[in-house]
Amino acid sequence: MRVLVIGSGGREHALLIGLKNDPSVTDLHVAPGNAGTSAIATNHAVDVVSGEAVVALAQKLDADLVVIGPEVPLVLGVADALREAGIATFGPSARAAQIEGSKAFAKDVMAAAGVKTAHAEIVDNPAHLDAALDRFGPTWVVKDDGLAAGKGVVVTPDRDVARDHAAECLESGHPVLLESFLDGPEVSLFCLVDGETVVPLLPAQDHKRVGDNDAGPNTGGMGAYTPLPWLPAEMTERIVDEVVKPVAAEMVKRGIPFSGLLYAGLAIGKDGPAVVEFNCRFGDPETQAVLALLKSPLGAALNATATGTLADLPPLEWRDGAAVTVVVAAENYPGKPRTGDIITGADAEGVLHAGTARNADGAIVSAGGRVLAVVGTGADLAEARTQAYARIEKIKLPGSHFRTDIGRNALEGRISI
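What you are looking at is a predicted structure, and each value in this text was computed from that prediction instead of being measured. (Residues numbered from 1 in each chain as written. Predicted model: local features only at pLDDT ≥ 70, side-chain atom pairs only at ≥ 80, totals over all residues. Heavy atoms only, no water.)

Looking at the element boundaries, V75 is found in helix 3 (residues 71-75). The spacing of V75 and Q98 is 23 residues in sequence and 6.5 Å in space, taken between C-alpha atoms. (Helix = DSSP H or I, 4+ residues; strand = E, 2+ residues; numbered from the N terminus.)

Right under this line is the structure:
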């Protein structure tokens with residue numbers, strides 16, 4: 001198979017590594033990629049949100065499979081353009097991608113499917129905001145109804161903070177979703193979905209806030225680990241049966257079947273799983289940890305999903321042990337990041353590139369907020385954490401920062417349902 005991956009982040013680097021390890025994948029391309037992906041695939045400059053441009057590149061490369069990493073091209077219909085051109089594509093249609101692109105759409109699908117989620121109200125008029133806020137709290141959950149790269153959500157006990165975020169979203173022309181607060185630890189469960197066929201991957205947990213002990217603002221994700229020692233083994237099956245399968249069936253019923261990776265973000269409370277959000281693609285940074293433990297050929301799994309043959313795929317096999325991903329971020333992230341700094345140690349094993357590029361001299365430099373994702377694996381969570389942080393010590397990037405507590409609460413037994 002000749003495979004083209006669309007995207008430029010750590011998630012795409014992880015996908016490329018997984019694809020390279022699949023003997024059926026003979027040729028790897030990525031657009032636009034980054035400084036790290038060029039070591040294992042051919043990078044191509046392309047406008048990833050232009051269906052026409054992506055189709056032209058896929059045809060030029062004679063790609064057998066296109067894998068779309070980020071959400072924006074999916075929501076804008078790039079997968080539709082590829083399928084219309086007869087190219088096998090991993091990623092949902094624009095209509096199906098609304099499960100992430102519109103929180104209101106996702107809520108409607110969940111209500112019809114009988115899936116447990118937070119009570120929610122849409123506010124699209126600033127005049128109605130205060131009355132709506134009064135119906136929620138004392139912990140407010142305020143979400144931008146559109147795509148916001150993981151940074152559109154504020155969870156706060158402070159009504160003024162909640163109101164400021166809501167007002168900012170409304171001023172920018174986006175409706176706001178107010179939700180009741182779901183208690184319980186959060187889980188990310190990725191599922192390959194082909195119509196009503198659902199194949200779960202390993203459950204993971206993301207760390208959204210920028211600082212240790214969940215301090216500071218939300219980010220696109222500062223680290224993740226898998227599997228989850230505190231999550232009962234049967235909970236994955238429960239999530240599939242109570243959440244993912246009913247949603248997949250409802251999408252089919254509406255004539256917009258989902259094909260690709262459906263990511264359920266959940267809170268596991270005393271009554272079981274409740275949905276926090278859905279995403280229409282692999283999550284970053286969980287992908288880096290989850291794929292590090294995948295034993296089965298990744299290309300075969302993605303191709304089966306893309307070609308409607310997922311039901312025939314042999315059961316996925318996983319390596320024993322654990323994996324931890326720690327994100328190294330640029331100075332000032334999640335604000336406007338400092339870029340252009342030279343990075344040393346970025347070509348080591350387990351170091352996946354996200355916001356990187358090469359300067360005129362060929363040196364690897366920072367080119368985004370989340371610069372690197374460093375992966376450690378081991379026989380257990382403690383060993384995986386030790387390896388990840390040992391690898392980070394060898395990386396030098398001026399002004400960079402990372403969390404030192406990825407997976408620590410789980411390791412120390414401080415997470416429970």
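Before going further, it helps to examine the sheet that holds strand 19 (residues 351-353). Taken in spatial order, the five strands make up an open sheet running 12-15-18-22-19, and their pairing is antiparallel. Sheet topology places strand 12 (205-206) and strand 19 at the edges, where each strand pairs with a single neighbour. In this sheet, strand 15 (residues 223-226) lies alongside strand 12 in antiparallel orientation, the contact comprising two bridges. Note that in strand 15 the partner of Q205 across the bridge is Y225. Here helix 12 (residues 381-393) sits on the sheet and contacts strand 15, strand 18 (322-329) and strand 22 (370-378); the angle it forms with strand 22, its principal contact strand, is near 140°. (Pairing = 2+ DSSP bridges. Contact = heavy atoms within 4.5 Å. Axes fitted to C-alpha atoms, helices over the stretch in contact; angles between N-to-C directions.)

Inspection of every chain in the model, using the stated rule, returns 22 salt bridges. As a salt-bridge pair, E100 and R281 come within 2.8 Å of each other at their nearest N and O atoms. Pair noted here: E100 is in helix 5 (residues 98-101) and R281 is in the loop between strand 17 (272-279) and helix 10 (286-292), with a separation of 181 residues, a long-range link. With respect to burial, E100 and R281 carry one shared label: buried. When the shortest N-O distance is used, the salt bridge between D284 and R370 registers 3.8 Å. Of this pair, D284 sits in the loop between strand 17 and helix 10 while R370 sits in strand 22, and the two are 86 residues apart along the sequence. (Salt bridge = Lys/Arg side-chain N within 4 Å of Asp/Glu carboxyl O. Buried < 20%, exposed > 50% of the residue type's maximum accessible area, 1.4 Å probe, protein only.)

According to the stated counting rule, one finds zero disulfides in the structure shown. With no disulfide of its own, C169 has C280 as its nearest cysteine by sulfur position, at a separation of 19 Å. With no disulfide partner, C280 has as its closest neighbouring cysteine sulfur the one in C191, 14 Å distant. (Disulfide = S-S within 2.5 Å.)

Let's shift gears to a negative patch on the surface. A cluster of acidic side chains, namely D158, D160, D164, E168 and E171, defines a negative patch on the protein surface. Mapped onto the elements of the fold, E168 is located in helix 8 (residues 159-171). Exposure remark for E168: the relative accessible area of 55% places this residue in the exposed category. (Patch = residues over 30% accessible without salt bridge, like charges linked within 9 Å, V, L, I, M, F, W, Y side chains within 5 Å. Areas by Shrake-Rupley, 256 points an atom, 1.4 Å probe, with all protein chains shown as cover. Lys, Arg positive; Asp, Glu negative; His and termini not counted. Charge placed at Lys NZ, Arg CZ, Asp CG, Glu CD.)

Using the criterion set out here, one finds four aromatic pairs in the structure. Three or more aromatic residues link up through ring pairs in this structure, and these residues are F90, F190, Y263 and F282. (Phe/Tyr/Trp six-rings, centres within 6.5 Å; stacked < 30°, edge-to-face > 60°.)

Pairing in this open sheet of five strands is parallel, and the strands run 3-2-1-4-5 from one edge to the other. Taken across any chain shown, the strands that pair with only one partner, and hence form the sheet edges, are strand 3 (42-43) and strand 5 (89-90). Summarising the sheet, strand 1 (residues 2-7) and strand 4 (residues 65-68) pair through four bridges and their orientation is parallel. Directly across from I6, in strand 4, lies its bridge partner I68.

So far we have only geometry, and geometry alone does not tell us how the molecule works.
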